[in-house]
Amino acid sequence: MGTVLGGMRCIKILLCIFNLTFWLAGMAVIAFGLWLRFGGVMAGFASEKKSPEYFFMGLYVLVGAGALMTTVGFFGCCGAARESQCLLGAFFACLLVIFAAEVTAGVFAFIGKKVAIQEAQKIYEDTYDDYMKNPGGKVNRTIYQHHLALQCCGKGNMEQQMGLPCPENIQMPKNCLVEIQNVIDAHLHLVGIVGIAIAGITIFGMIFSMVLCCAIRNTRDMI
């Protein structure tokens, strides 16, 4: 009996440590997703008419999973402290949902890169064509913001000589279509790594919760 109670206490402590780590990881995931959406290079591509929705979709899934992680981390600690089989079962179910969401975000990031890149490149090309037809005004500010965020200029090396609004600190103009590909590839690679890593962590949480749930049931049966 003492061995069982000691083992259960150990599992409780491990589960509480896991939930604290999980809560902190959830906050970090939310911050990371929101930074990529509103503060990263691609934030400037969002407008009233069009935005790289495919790229943003992966970020929304990531932020949603992070918000669920923070909530689940709190209730997981409550379930472990109160030794509630019901709360631990709900905790396990929520971890399963998070696992599915993070795997989805990770797989999307690795598989959907091509579509996300093409979508963002199309947005830039449309803005570029609008500027070439009617330079000045709002489109002038929009294409300059794209160039400033990506540190590029146009679609080739001759665009600066054609009067495109480009950042003054650019010495060697870079192709913006190539820069868009590089930026999205790097960002989605990070999203994929984060998603798969969090999915791996949730597996340990599910194991701990089930072990503790079984230990609680066995202890009550012995009593």
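Here, the structure is the one placed above.
Conventions and cut-offs
Residues numbered from 1 in each chain as written. Predicted model: local features only at pLDDT ≥ 70, side-chain atom pairs only at ≥ 80, totals over all residues. Heavy atoms only, no water. Helix = DSSP H or I, 4+ residues; strand = E, 2+ residues; numbered from the N terminus. Buried < 20%, exposed > 50% of the residue type's maximum accessible area, 1.4 Å probe, protein only. Contact = heavy atoms within 4.5 Å. Areas by Shrake-Rupley, 256 points an atom, 1.4 Å probe, with all protein chains shown as cover. Disulfide = S-S within 2.5 Å. Phe/Tyr/Trp six-rings, centres within 6.5 Å; stacked < 30°, edge-to-face > 60°. Patch = residues over 30% accessible without salt bridge, like charges linked within 9 Å, V, L, I, M, F, W, Y side chains within 5 Å. Salt bridge = Lys/Arg side-chain N within 4 Å of Asp/Glu carboxyl O. Expected span 1.5 Å × (residues − 1). Arc of directions from axis to C-beta. Axes fitted to C-alpha atoms, helices over the stretch in contact; angles between N-to-C directions. Parallel < 35°, antiparallel > 145°, perpendicular 65-115°, else oblique. Left-handed = near helix turned anticlockwise from the far one by under 90°. Nonpolar A, V, L, I, M, F, W, Y, C, P; charged D, E, K, R; others polar. Core = buried A, V, L, I, M, F, W, Y, C linked by side-chain atoms within 4.5 Å.

Some points on the overall build of the chain
Tallying secondary structure elements over the chain gives 6 helices and 0 strands in all. Counting from the amino terminus, helix and strand elements in the chain follow one another as α-α-α-α-α-α. Expressed as a percentage of the 223 residues in the chain, the buried residues total 43%. For the chain, contacts bridging at least 24 residues in sequence account for 74% of all contacts bridging at least 6. Within the structure as shown, the chain displays about 11,600 Å² of accessible surface, and the carbon and sulfur contribution to it stands at 66%.

Some thoughts on the state of the cysteines
A covalent bond between the sulfur atoms of two cysteines is what we call a disulfide. Scanning the model with the defined rule gives 1 disulfide in all. Covalently, Cys152 is tied to Cys176 through a disulfide, its sulfur atoms 2.0 Å apart. Between Cys152 and Cys176, the S-S torsion sits near 100°, and that sign places the bridge as right-handed. A residue pair is termed long-range when its members are at least 10 positions apart, and Cys152 in the loop between α5 (137-150) and α6 (176-222) and Cys176 in helix α6 qualify at 24 residues.

Side note on the packing of aromatic side chains
Considering all chains together, one arrives at 1 aromatic pair under this definition. Measuring from ring centre to ring centre gives 6.2 Å for Tyr124 and Tyr128, while their planes differ by 35°; the resulting arrangement is tilted. In this pair, Tyr124 and Tyr128 both sit in helix α4 (residues 113-133), 4 residues apart, roughly one turn of the helix. For the residue pair Tyr124 and Tyr128, the accessibility class agrees, reading buried in each case.

Concerning a nonpolar patch on the surface
A cluster of nonpolar side chains, Val107, Phe110, Ile111, Ile193 and Ile196, forms an exposed patch at the surface whose accessible area comes to about 450 Å². Contributions of two or more residues to the nonpolar patch are made by α3 (85-111) and α6. Looking at the nonpolar patch element by element, the count peaks at 3 residues for α3.

Structural notes on α5
Its 14 residues give α5 an end-to-end C-alpha distance of 21 Å, which sits within 8% of 20 Å, the value for a rise of 1.5 Å per residue. Along α5, the residues that are buried comprise Val139, Ile143, His146, His147 and Leu150. Looking down the long axis of α5, one finds its buried residues gathered within 95° of arc, a one-sided arrangement. Summarising the geometry of α5, the exposed residues directed more than 90 degrees from the buried face are Lys138 and Arg141.

Structural notes on the environment of Asn182
Residue placement: Asn182 occurs in helix α6. Judged by its relative accessible area of 41%, Asn182 is partly exposed. Separated by 65 residues in the primary sequence, Asn182 and Ile117 have C-alpha atoms spaced 8.9 Å apart.

Here's the deal with the packing of α4 against α5
One way to put it is that α4 packs onto α5 with a least axis distance of 9 Å and a crossing angle of 135°. By the criterion of interaxial angle, the relationship of α4 to α5 is oblique. In this structure, α4 crosses over α5, and the sense of that crossing is left-handed. Residue-level inspection shows Tyr124, Thr127, Tyr128, Asp130 and Tyr131 of α4 in contact with α5, the latter providing Val139, Asn140, Thr142, Ile143, His146 and His147. Its residues placed into classes, the contact of α4 with α5 shows 5 nonpolar, 5 polar and 1 charged.

Observations regarding the nonpolar core
One finds Phe55 and Ile184 to be the most contacted residues of the largest nonpolar core, which totals 45 residues. Those elements giving two or more residues to this core turn out to be α1 (2-39), α2 (53-82), α3, α4, α5 and α6. For this core, the element with the highest residue contribution is α6, accounting for 11 residues. Ile184 has contacts with Met42, Phe55, Ala116, Ile117 and Ala120, leaving out every residue within four places of it along the chain.

Some remarks on unusual backbone geometry
Leaving glycine aside, a negative phi is the common case for residues, and trans is the common case for peptide bonds. For Gln151, which is not glycine, the phi torsion reads 55° and is therefore positive. With respect to the element layout, Gln151 can be found in the loop between α5 and α6. The partly exposed category is assigned to Gln151, whose relative accessible area is 27%.

Keep in mind these numbers describe shape, not what the thing actually does.
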